[in-house]
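Next come the chains, spelled out residue by residue.
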There are 2 protein chains.
Amino acid sequence: MTRRRPVASTAKTGLRRRAASPARAEKLNKLTLGQLDYHLGYVLRRLQIWVFQDFIQTLATMKVRPAQYSVLLVIEANPGRSQAAIGQTLGIERARLARLLHELERRKWISRRASGSDARSHCLHLTADGEKALVRIKSLAAQHEARLADHVGAKRRTQLMELLRDFG
Amino acid sequence: MTRRRPVASTAKTGLRRRAASPARAEKLNKLTLGQLDYHLGYVLRRLQIWVFQDFIQTLATMKVRPAQYSVLLVIEANPGRSQAAIGQTLGIERARLARLLHELERRKWISRRASGSDARSHCLHLTADGEKALVRIKSLAAQHEARLADHVGAKRRTQLMELLRDFG
DNA sequence: GTAGATTGTTGTCAATGACAACATTCTCCC
DNA sequence: GGGAGAATGTTGTCATTGACAACAATCTAC
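Residues numbered from 1 in each chain as written. Chains lettered and ligands numbered in written order. Predicted model: local features only at pLDDT ≥ 70, side-chain atom pairs only at ≥ 80, totals over all residues. Heavy atoms only, no water.

**Q** Is there a simple way to think about the packing of aromatic side chains in this case?
**A** For any pair of aromatic rings, geometry is given as the distance between the ring centres together with the angle between the planes. Residues and elements named next belong to chain A. The tally for this structure, following the rule as stated, stands at two aromatic pairs over all chains. Aromatic pair F55 and Y69: ring centres 5.3 Å apart, planes at 50°, arrangement tilted. One end of the pair, F55, is in helix α2 (residues 40–58); the other, Y69, is in helix α3 (residues 66–77), and 14 residues separate them in sequence. If you follow R107 out to its NZ or CZ, it ends over the ring of W109, 4.6 Å from the centre. (Phe/Tyr/Trp six-rings, centres within 6.5 Å; stacked < 30°, edge-to-face > 60°. Helix = DSSP H or I, 4+ residues; strand = E, 2+ residues; numbered from the N terminus. Lys NZ or Arg CZ within 6 Å of the ring centre and 35° of its normal.)

Structure (structure tokens):
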């Protein structure tokens, strides 16, 4: 459907919106959020989007996504565990984790050894390459975390961590 | 690629994992998050996922998604504004907002009137149906918010709101 | 030893975010 | 008055993500 709309009489009124120079427009168009900023979920999500975007951008050189990073850290902290255990810990669904690990294996950052105790499951480990890569990745992640602290304020960041860490 | 893996000697060791009764398994498989819970982004995201899932489930009867809800609230609080203004306020991209509004219009919850001052843009308003629906929607959203307060604790919820509201 | 659960894999679908292209219209500047 | 360039809304496409179903292999429980 193409746009067909009556021609507006442009000289109708003097209340025309102001000139839209690129910087000016942003300010003039700011609207009220209404009841939205009484919803914790909304403000939570806005910050979370900021965090993810900065994280993705910061780790773009290593081409590591947040989910991949979390998996690498959990494997490092719990070597030899199964996909089911990792997925359960991180809340990542089986199917998605299988594909995610396939990619990490393709990059030779992790290995899947056969488990001696359960022939269905794989034991996950970081490879030497994976450990080396993770050093650089952690360094970038630290840069991101510093930028985040700068964005929200160091004190506020600490308070948020304390409030959020231990109730899941 | 199908699975082909060496047959495991099942009697190899006594260290076999315990029986996996559905409740038991969840506890036994809990792993360490490693350095992950020093990342604000991670704990933030976990809570945000909880919030969204509860929201979506609570508003399933009205078939309203979080983004749709936010748009309805902002239109209510700022009637007659353009799509560009709404999108800018909520951080929703032009293309996505156009399709989202198309759906809300199909349900007769919003109307797009031609703007007298700018023939390119539409003035967005809630319809009578939209306002009626929004009453029910807000009631469900309040239920969700109460459940959220119960989940994180009323005091913690307040503290989080204060920390998150005013720095974007 | 069999019934039912678990593990990992693949396929598919819907929602989302991002980007490009486009017609229409506006603003700016000469 | 008349472009040049920007803004608005629309559509198309692509990649990512989450969710679910089906499947073979294997394990647990009885």
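**Q** I'm lost on the nonpolar core in this one. Help?
**A** Side chains of a nonpolar character, in soluble globular proteins, are inclined to be buried together. Counting 83 residues, the largest nonpolar core has A:V71, A:L90, A:I137, B:V71 and B:I137 as its most contacted members. Sequence-distant contacts of A:V71, that is, excluding residues within four places in its chain, are made with A:L90, A:I92, A:L97, A:L100, A:L101 and A:L104. (Core = buried A, V, L, I, M, F, W, Y, C linked by side-chain atoms within 4.5 Å. Buried < 20%, exposed > 50% of the residue type's maximum accessible area, 1.4 Å probe, protein only. Contact = heavy atoms within 4.5 Å.)

**Q** What am I meant to see in the relation of the copies chain A and chain B here?
**A** Each of the two chain copies goes to the other by way of a rotation about an axis and a shift along it. If you rotate chain A by 180° and push it 0.0 Å along the axis, it lands on chain B with an RMSD of 0.0 Å. The superposition of one copy onto the other is thereby described by a two-fold rotation axis. Looking at chain A, 100% of its interface residues are interface residues in chain B too, so the copies touch through the same face. (Least-squares fit on C-alpha atoms with pLDDT ≥ 70 in both.)

**Q** Sorry, what's going on with the confidence of the model for chain A here?
**A** Residues shown with low pLDDT carry predicted positions that ought not to be read at fine detail. All names here are of chain A. The share of residues in chain A with pLDDT of 70 or more is 82%, and the mean pLDDT across the chain is 83. Per-residue pLDDT, averaged within each element of chain A, yields its smallest value for helix α1 (residues 22–28) (38) and its largest for α3 (96). Scored below 50 in pLDDT, residues 1–28 makes 21 contacts in the model with residues more than four places away or belonging to other chains. (pLDDT = per-residue confidence, 0-100.)

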